[in-house]
Amino acid sequence: MAVFLILGCASIPTNSPKTSQAEAVSTPVASAPLETNTKANTKSRSGSFISAEHTTNGKAKIVQENGTYFIELDEAFKTSENGPDLFVILHRSPNILNISKPPDFAIAENDYALIAPLKSFNGKQRYEIPNNVQPDRFKSVAIWCRKFNATFGFAPLTGV
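Residues numbered from 1 in each chain as written. Predicted model: local features only at pLDDT ≥ 70, side-chain atom pairs only at ≥ 80, totals over all residues. Heavy atoms only, no water.

J.: Describe the overall build of the chain, and please don't skip the residues or the numbers.
T.: Helix and strand content of the chain: 2 helices and 12 strands. Secondary structure elements of the chain occur, N-terminal to C-terminal, as α-β-β-β-β-β-β-β-α-β-β-β-β-β. By the burial criterion, 46% of the 160 residues in the chain qualify as buried. Within the chain, residue pairs in contact and separated by at least 24 positions form 70% of the contacts whose partners lie at least 6 positions apart. For the chain, the computed accessible surface area is about 8,800 Å², with 52% contributed by carbon and sulfur atoms. (Helix = DSSP H or I, 4+ residues; strand = E, 2+ residues; numbered from the N terminus. Buried < 20%, exposed > 50% of the residue type's maximum accessible area, 1.4 Å probe, protein only. Contact = heavy atoms within 4.5 Å. Areas by Shrake-Rupley, 256 points an atom, 1.4 Å probe, with all protein chains shown as cover.)

In structure tokens form, the structure reads like this:
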């Protein structure tokens, strides 16, 4: 008797959001240095990642520098490499686990803003938030598999 165990976000989605090509356009990762600007006009909110479908660790922070917002993932950031089509998103809920169901923790189409493809499965990273996205309307940063509508992990945001 053979037993097979398949893990990852390679399941057939049951509630996959339909994302138009216009919505899927993401802002390229900022080429600015990873250090956060410490000028007086810098505001920030941050949180530690909570695992959902896959173990995800580290911290996420939203900072504003001279009128531009960025998402920063710290040097301790790490998520599973078992996912195609991973994105950094902003989500309206501070706790995606409370509004979704395991094992994939799928999210609703109108509850998030697509920011950019995930640059790396680990380490310090920075993403510019597009001007048409208002970060104050979102309560968490998440790592999300768009292809299978699976949330790998999320970081509830608190602070200024």
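J.: Just give me the short version of unusual backbone geometry, but keep the residues and values in it.
T.: A cis amide bond links Pro-102 with the next residue in sequence, Pro-103, at an omega value of 5 degrees. With respect to the helices and strands, the residue Pro-103 is situated in the loop between α2 (96-99) and β8 (112-117). Residue Asn-66 is not a glycine yet carries a positive backbone phi of 50 degrees. Mapping Asn-66 onto the fold places it in the loop between β4 (59-65) and β5 (68-73). A relative accessible area of 48% means that Asn-66 is categorised as partly exposed. At Asp-85, a residue that is not glycine, the phi angle is positive and equals roughly 60 degrees. One can find Asp-85 in the loop between β6 (78-79) and β7 (86-91).

J.: Quick rundown of the confidence of the model for the chain? Include the residues and the values.
T.: This prediction gives the chain a mean pLDDT of 81; 73% of its residues lie at or above 70. This stretch, residues 2-7, has a pLDDT under 50; its non-local contacts, to residues over four places away or in other chains, come to 0 contacts. (pLDDT = per-residue confidence, 0-100.)

J.: A description of the environment of Glu-65 should follow, citing residues and the corresponding values.
T.: Tracing the backbone through its elements, the reader meets Glu-65 in strand β4. By relative accessible area, which is 10% here, Glu-65 ends up buried.

J.: Before we move on, can you summarise the sheet that holds strand β11 (residues 150-156) with the specific residues and values?
T.: Strand order in the open sheet formed by 5 strands is β2-β11-β10-β7-β8, and the pairing between neighbours is antiparallel. With one partner strand each, in any of the chains shown, β2 (50-51) and β8 form the two edges of the open sheet. Two elements, β7 and strand β10 (residues 140-145), share 6 bridges in a ladder whose sense is antiparallel. By the bridge assignment, His-91 is partnered in β10 with Ser-140. (Pairing = 2+ DSSP bridges.)

J.: Hey, could you go over the sheet that holds β5 for me, with residue numbers and the actual values?
T.: Sheet strands pair via backbone hydrogen bonds, and the direction of the pair is either parallel or antiparallel. In spatial order, the strands read β9-β5-β4-β1-β12; together these 5 strands make up an open sheet with antiparallel pairing. The open sheet is flanked by β9 (125-128) and β12 (158-159), the only strands paired with a single partner. With 6 bridges joining them, strand β1 (residues 43-48) and β4 adopt antiparallel strand pairing. Its bridge partner being in β4, Gly-47 is matched across the sheet by Ala-60.

J.: For the nonpolar core, give the residues involved together with the corresponding values.
T.: What tends to happen in soluble globular proteins is that the nonpolar side chains get buried as a cluster. Within the largest apolar cluster, 26 residues are counted, with the highest numbers of intra-cluster contacts made by Ile-71, Leu-73, Leu-90, Ile-115, Val-141 and Ile-143. Sorting the residues of this core by element identifies β4, β5, β7, β8, β10 and β11 as the ones contributing at least two each. Core analysis: the second largest hydrophobic core is formed by 9 residues, Phe-87, Ile-89, Ile-107 and Trp-144 among them. (Core = buried A, V, L, I, M, F, W, Y, C linked by side-chain atoms within 4.5 Å.)

J.: I'd love a proper account of the side chain of Ser-93, names of residues and values included.
T.: Among the structural elements, Ser-93 can be located in the loop between β7 and α2. One polar contact links the side chain of Ser-93 to the main-chain amide nitrogen of Asn-95, over a distance of 3.0 Å. Not counting residues within four places of it along the chain, the set of residues in contact with Ser-93 comprises Ile-99, Lys-139 and Ser-140. (Polar contact = N/O pair within 3.5 Å; in protein donor to acceptor, adjacent residues only side chain to side chain.)

J.: I'd love a proper account of the pairing of β8, names of residues and values included.
T.: With 5 of 6 residues buried, β8 lies mostly within the body of the structure. Direction of pairing for β7 relative to β8: antiparallel, over a ladder of 5 bridges. Bridge pairing links Phe-87 to Pro-117 in β8.

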